[in-house]
Amino acid sequence: MPQRPDTTRLTLRRPDDWHLHLRDGAVLRAVLPETARHFARAIVMPNLVPPVVTGAEAAAYRDRILAALPEGARFTPLMTLYLTEETDPDDVARAHAEGIATAVKLYPAGATTNSASGVRDFDRVRPVLERMAEIGMPLCVHGEVTDPSVDIFDREAVFIDKVLKPLRKKVPDLRIVMEHVTTSDAVDYVRDTPRNLAATITTHHLVINRNAILAGGIRPHNYCLPVAKREKHRVALVQAAVSGDRRFFLGTDSAPHVDARKLEPCGCAGIFTATNTMSILAEVFDAAGALRQLEAFASLNGPQYYRLPPNEERITLEKGGPVDHPARIESGDGPITVFDPGFRLHWRVV
Ligand code: DOR
Ligand code: ZN
């Protein structure tokens, strides 16, 4: 007789985070242990000030991350290079061959935090993209147009039509990760694309819709880019995440900013989820009756797309009484608020 699924204990391969902001200095030291506690590897975003553009800069940043790891932590940062119109294809290929850089990150200029050095004219980065296609190096894409005349809630859907489709036609062998997808349009596009396209989904976009930012008072801690959309889009994201479809995997986009920067009149985009991501995901997958797919989403689909082995180590989650996470963590630069999903959590990593 088939066993009843065990719904109070879940063991899965140690997860990875395929989109993470670690920053530098005091904030790096404060947030890195939060990720290294549960995750084995993470794709580390290069949008520092100044950005991490060259292989040498990525190697130096990786060394700073490794130096900031707590004693005994087992965590591998997978570095990315920030694509600019001046990026040298040879430098990218060398950094990839030497194992320094796993992927390249494309920010359309002005799309988000620290993206001023991003790409304006896509033809100017064609040689880099063609080289990446040749060597099988993935391109991580922030998928929003920056045209101020496009409504902020439409910027992802317009990006797909205006930028991503033409780009994929021009460089069809380029392996692309459309990051932090927030719309059913993006989910459908990825599902309908048979090769060389996958998407990451964040923790918070599985939980909040745009009401969480704007209804009943403005909530800066729920503001990120791409901004959360309508409820029907959140539902599409949950369906994609729990479906087991290999093209969707976890990229938390955990993006710490100290509270002072979040609460300014023009506050920063970014939601910090490293601390409670695994608890929240278990709750979301449990509610969807899909706990068994959590391992695919958090631990298997990502490595498969990145052509890396899945982790051998396991983590176990247990369901019990309410789990409390700190409301904020302290950094040498000030407190950083931890994402509040707005519901009680019952799953803890043991
Ligand atoms: O909300 C966001 N925060 N979206 C991004 O694309 C960048 C990130 C950050 O660096 O804070
Ligand atoms: Zn990000």
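Sequence positions are assigned chain by chain, starting from 1 and proceeding in written order. The naming scheme follows written order: chains are lettered A onward, ligands numbered 1 onward. The predicted origin of the model limits local features to residues at a pLDDT of at least 70 and limits the giving and counting of side-chain atom pairs to 80 or more, whereas totals for whole chains, interfaces and linings rest on all residues. The side-chain values count all of the structure's non-hydrogen atoms but skip hydrogen atoms and water molecules.

1. A short note on the UniProt feature "binding site: Zn(2+) 2" (unreviewed entry) in the protein chain
Spelled out, the test is: UniProt positions are given in the numbering used here, feature names are shortened, and annotations may be inferred rather than shown by experiment. Only DSSP runs of H or I with at least four residues qualify as helices, and only runs of E with at least two residues qualify as strands; both kinds are numbered from the N terminus onward. Contacts were defined at the residue level, with two residues in contact if any of their heavy atoms lie within 4.5 Å. Using a 1.4 Å probe on the protein chains alone, a residue whose accessible area is under 20% of its type maximum counts as buried, one over 50% counts as exposed, and one in between counts as partly exposed.
Cross-referencing UniProt, the feature "binding site: Zn(2+) 2" (unreviewed entry) maps to Lys105, His142 and His180 in the present numbering. What stands out for the annotated residues spanning 76 residues is how close their C-alpha atoms remain, the widest pair being 12.8 Å apart. Looking at where Lys105 falls in the secondary structure, it is placed in strand S5 (residues 101-106). Aside from chain neighbours lying at most four places away, what touches Lys105 is His19, Met45, Pro46, Leu81, Tyr82, Leu83, Cys140, Val141, His142 and Glu179. Looking at where His180 falls in the secondary structure, it is placed in the loop between strand S7 (176-178) and helix H6 (184-191). The class of His180 is buried, set by a relative accessible area of 1%. Once residues within four sequence positions are removed from consideration, His180 is found in contact with His19, His142, Gly143, Glu156, Thr200, Thr202, Leu225, Pro226 and Asp253.

2. A look at the sheet that holds strand S4 (residues 76-82)
Going by this rule: Should DSSP find at least two bridges between two strands, the strands are regarded as paired. Only the stretch in contact is used when fitting a helix axis, every axis being a line fitted to C-alpha atoms; angles between N-to-C directions are given from 0 to 180 degrees.
Spatial ordering of the open sheet is given by S2-S3-S4-S5-S6-S7-S8-S9, a layout of 8 strands whose pairing is parallel. The two strands at the open ends of the sheet, each matched to only one other strand, are strand S2 (17-20) and strand S9 (248-250). Each strand axis lies, on average, 30° off the axis of its neighbour in the sheet, ignoring direction. Of the strand pairs in this sheet, strand S6 (residues 139-141) and S7 are connected by 3 bridges, and their pairing is parallel. Looking across to S7, one finds that Val141 is bridged to Met178.

3. Some details on the pattern of salt bridges
What counts here: A carboxyl oxygen of Asp or Glu within 4 Å of a side-chain nitrogen of Lys or Arg is what we treat as a salt bridge.
Scanning all chains against the criterion turns up 24 salt bridges. Residues Asp161 and Lys165 are paired through a salt bridge, measuring 2.9 Å at the closest nitrogen-oxygen approach. Residue Asp161 and its partner Lys165 are located together in helix H5 (residues 155-170), separated by 4 residues, close to a single helical turn. Look at Lys165 and you get partly exposed, because its relative accessible area is 36%. Between Asp259 and Arg328 there is a salt bridge whose closest N-O contact spans 3.9 Å. A residue pair is termed long-range when its members are at least 10 positions apart, and Asp259 in helix H9 (residues 259-262) and Arg328 in strand S11 (residues 328-331) qualify at 69 residues. Accessibility expressed as a relative area gives 11% for Asp259, which makes it buried. What emerges from the salt-bridge pattern is a single network uniting Asp123, Arg126, Glu130 and Lys170.

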